[in-house]
Amino acid sequence: MAVASTKPYIGAPRDTVANFNGKQLVYVCWEHHLLFASSLMFCVEPEMTLGDFLHHTVRPLLEADPDSAALDFTRAEWQKAKIAWTPDFNASLAANGIRHKELLRFHTPGLNSLGA
Amino acid sequence: MDMKTDKKKLGLKEKYKLLTRDLGWETTYHTADEVFPYVKYEGIKVHDWGKWEDPFRLTMDAYWKYQAEKERKYYAIIDAHAQNNGHLHITDARYLSALKLFVQAISPGEYAAGKGFARLGREFPGVGPRVACQMQAIDEIRHAQTQIHAMSNYNKFYNGFHAFADARDRMWYCSLPRSFFDDALSAGPFEFMIAIGFSFEYVLTNLLFVPFMSGAAYNGDMATVTFGFSAQSDEARHMTLGLECIKFMLEQDPDNLPIVQRWIDKWFWRGFRILGVVGTMMDYMLPKRVMSWREAFEIYGAGNGGALFNDLARYGVRLPLEWNDAVKALDHMTHQLNLGLYQWSFGTAFHTGIPSDEDMAWLSKKYPDTFDKYYRPRWEHIKKLKEAGTPFVNTGLAKLCQVCQIPTPYTEPDDPTALCLRESEYKGELYHFCSDGCQRIFHDEPEKYIQAVLPMPQLFQPPLGGDIGAWMNWVGLKNGVDNGDYDGSEDQKNFAAWRATATSNQ
Amino acid sequence: MSTVFIALQANEETRPIIDAIVRDNPAAVVNREPAMVKIDAPGRLTIRRQTVEEELGRPYDLQELQVNLITISGHVDEDEDSFSLHWNS
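Residues numbered from 1 in each chain as written. Chains lettered and ligands numbered in written order. Predicted model: local features only at pLDDT ≥ 70, side-chain atom pairs only at ≥ 80, totals over all residues. Heavy atoms only, no water.

## Things to note about the pairing of strand β7 (residues 82-86) of chain C
Residues and elements named next belong to chain C. Heads up, the condition is: Relative accessibility thresholds used throughout: buried, under 20% of the residue-type maximum; exposed, over 50%; partly exposed, between the two (1.4 Å probe, protein chains only). Secondary structure counts use DSSP, requiring at least four H or I residues in a row for a helix and at least two E residues in a row for a strand, with both numbered from the N terminus. Here the rule is simple: two strands pair whenever DSSP picks up at least two bridges between them.
In terms of residue burial, β7 counts as a mostly covered element, since 5 of its 5 residues are buried. Across the two faces of β7 the burial is the same, with Ser 82, Ser 84 and His 86 and Phe 83 and Leu 85 all buried. Sheet topology note: the strand β4 (residues 44-48)/β7 ladder contains 5 bridges and is antiparallel. Among the inter-strand pairings, Leu 45 is bridged to a residue of β7, identified as Leu 85. Here strand β6 (residues 75-78) pairs with β7 via 4 bridges, running antiparallel.

Set out below in structure tokens:
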């Protein structure tokens, strides 16, 4: 039973990629860096390279963390769709297989100034 | 000629029997299923509606009499508050953030509950529950009105109160309680009773009103104590209705147990998510605190809830599935949520602030195992950023939970250093959750939750298209006035200036 | 045995009611908190009309409790002579 109802009922998702004018949502989580209270949400073009996305869109938001100066995205351990993943920073988000509403997680062992 | 009759005073039970007599009958020209179309599809089996009685046996004459008395008491105090500069008697204007959050996020829930109980007053075939639900519908509307009325006295002087109705519909943090009520209102009548009568009334309102209103009393806020206690005087009746409903379902048919248990699991967790906001108000927004969130949960959550579940064990009911996750979260949740409210305060119609040294000393005393270890270092760093002239603002919007709609700020139950991240795919779309509880609730009824209108993703869709200024206009948020740090706010300046004129002749 | 409780607003009307509860329920524990009084009792707590009337010095309808009630814990049973709370376990 996909919903308790008096007759068959099909819901319509409200956040499909078609609603974002050619852009898509991407979520990013810097593991164990809890100065940031949640994973960050971005609305970007899928043609953007992953490198540009991380350096120009994501990085400026991470500057408040004392570890941000030492952060090297290329040396981080990455996860996508809950499994280990090797990103291609020169390829686009789409070519990296980053879907609408995908969550990218990266772990930077050794960096934990704020102890989280 | 006058007849002398023995006018025997009717007993409570007889009066109640007379009230409910003839209000229910066997239908003849329509089938009972046509008259009560929503009472079977949830799968709850009922054999005898007559078995459900209101243990208070409140009749209409008594109801009106005592409710009128409560209203007279309430308005006498509200008048006194307005006539005696009550808005200057609070401990500190910092306290007002709790009230702003209350009127934006909680009071509209009272109104939603009123709508739901009006519907149940029609949909249940039993006379006892119908009468009790109709009374509760009136109570809930009274609560919404008295709360809004009490806060209107603060709205005359302070920022952030004026757009509470728009906030209810549009503000991102209000979507947490709103989704709770929308979920309940779009469920069947029995599930609504578990959601509101049991989870909200029995488990939540004690935590919401009792320590919070005691806190308001500590903070010199006469208006809020009054609406709180006036509302709470009805809650005892509401809780009893919720408890009677659970007992009734369990006693009517053994097949009802798994359905009831699933709802208890679901609505305990949904309610617990709302309590994160209440706990944060208690730990961070009251300048003078009466007890910590953890202490309040021990009395009203673990103590009272534990007694309830022990009692229901004879029907085969067990503790809610996520009870242990909840207990593990007690020492973390308010700190994690408050950290979020601070960094996103450019988008809140209330002020937040960095806890003072005194606040932090209190927090480490109340949370000896967690505050100094995990949360103090973050606040110390945030304090340094502010002193350096680069205050911490997180303009990266948050990932929201598809079910409870909270910005997923909570950590793994067994690892307070790792955010709890859960995701699922359904019909080709990705969905994210804050916890195992919310993920399970989603998979029980995915067609319901895929329709959630999540505030953050909506902001990037037309017509707003990611324009934060346009969003502020739409939610009624005055930038630089209603939002941001309390330190340096207009509320802070006005309160200091007005209090000075009230206590001197300068 | 689980604890039942009743919380009443702290005011002139409830003072004699609380005294009556204490008389009838020797195991009850009275907690005085800001603006409210919370009374805990193991398993069962009963409020008797007659005792309240003696303390109050006037006739009393137990439904008047509604006006000053803040919260309860336990199953309710009420008639014209008594109001009681209990847990079955």
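Back to the text.
## A look at the arrangement of the chains
What counts, and what does not: Whether two residues are in contact is decided by their heavy atoms: any pair within 4.5 Å suffices.
Where 2 pairs of chains are in contact, the pair with the most contacts is made of chains A and B. A minimum C-alpha distance of 31 Å separates chain A and chain C, which share no contact.

## So, the side chain of Arg57(B)
Note the cut-off: Throughout this description, a polar contact denotes any pair of N or O atoms lying within 3.5 Å of each other; where both atoms belong to protein, one of them has to be capable of donating a hydrogen while the other can accept it, and for residues adjacent in sequence the pair is counted only when both atoms sit in side chains.
Its place among the elements puts Arg57(B) in the loop between α2 (32-35) and α3 (60-83). Residue classification places Arg57(B) among the buried positions, given a relative accessible area of 10%. Among the polar contacts listed, one links the side chain of Arg57(B) to the backbone oxygen of Glu78(C), at a separation of 2.6 Å. The residues contacting Arg57(B), other than those within four sequence positions of it, are Leu12(B), Lys13(B), Tyr16(B), Gln63(C), Asp77(C) and Glu78(C).

## Some remarks on the interface of chain B and chain C
In many analyses, interface size is given as the accessible surface area lost on bringing the parts together. As a reminder, the rule being used: Accessible area, probed at 1.4 Å, shrinks when two parts are joined; the buried area is that loss added up over both. Throughout this description, the term salt bridge denotes a Lys or Arg side-chain nitrogen within 4 Å of a carboxyl oxygen of Asp or Glu. For this classification, Asp, Glu, Lys and Arg are treated as charged, while Ala, Val, Leu, Ile, Met, Phe, Trp, Tyr, Cys and Pro are nonpolar and the rest, including Gly, are polar.
The interface is formed by 37 residues belonging to chain B together with 32 residues belonging to chain C. Taking both partners together, chain B and chain C bury about 3,000 Å²; carbon and sulfur atoms supply 56% of that area. Contact with chain C buries surface across chain B, with Phe56(B), Tyr66(B) and Phe229(B) losing the most and accounting together for 20% of the total. Inspection of the chain B/chain C interface yields 1 salt bridge. A salt bridge links Arg57(B) to Asp77(C); its shortest N-O distance comes to 3.8 Å. The tally of links between chain B and chain C comes to 12 residue pairs in polar contact (both at pLDDT 80 or more). When contributions to the side of chain B that touches chain C are tallied by element, the ones reaching two or more residues are α1 (12-20), α3, α8 (189-218), α9 (222-252) and α11 (293-312) of chain B. With 10 residues, α9(B) is the single largest residue contributor to the side of chain B that touches chain C. A per-class count over the side of chain B that touches chain C returns 20 nonpolar, 8 polar and 9 charged.

## Concerning the sheet that holds strand β5 (residues 69-73) of chain C
Residue and element names in this part refer to chain C. Quick reminder of the rule: Under this scheme, a helix contributes an axis fitted over its contacting stretch, all axes are lines through C-alpha atoms, and angles between N-to-C directions fall in the 0 to 180 degree range.
Strand order in the open sheet made by the 4 strands is β2-β3-β1-β5, with antiparallel pairing throughout. In this open sheet, the two strands that pair with only one neighbour each are β2 (29-33) and β5. Across the sheet, the mean angle from the axis of one strand to that of its neighbour is 15°, orientation sign disregarded. Those strands touched by helix α1 (residues 14-24) are β1 (3-9), β2 and β3 (36-42), and its axis lies near 160° from that of β1.

## Let's talk about helix α15 (residues 371-387) of chain B
Residues and elements named next belong to chain B. Taken as a whole, α15 has its buried residues at Phe 371, Tyr 374, Tyr 375, Arg 378, Trp 379, His 381, Ile 382 and Leu 385. Close packing links the buried residues of α15 with α10 (256-285), α13 (333-343), α14 (357-366) and β3 (415-419). At the C-terminal side of α15, Gly 389 shows a positive phi close to 80°.

## Describing unusual backbone geometry
For the peptide bond that leads from Pro462(B) to Pro463(B), omega is 5°, which places it in the cis range. Position of Pro463(B) among the secondary structure elements: in the loop between α18 (455-459) and α19 (468-475). The backbone of Ala81(A) shows a phi angle near 50°, a positive value even though the residue is not glycine. Judged by its relative accessible area of 37%, Ala81(A) is partly exposed.

In short, geometric facts, not functional conclusions.
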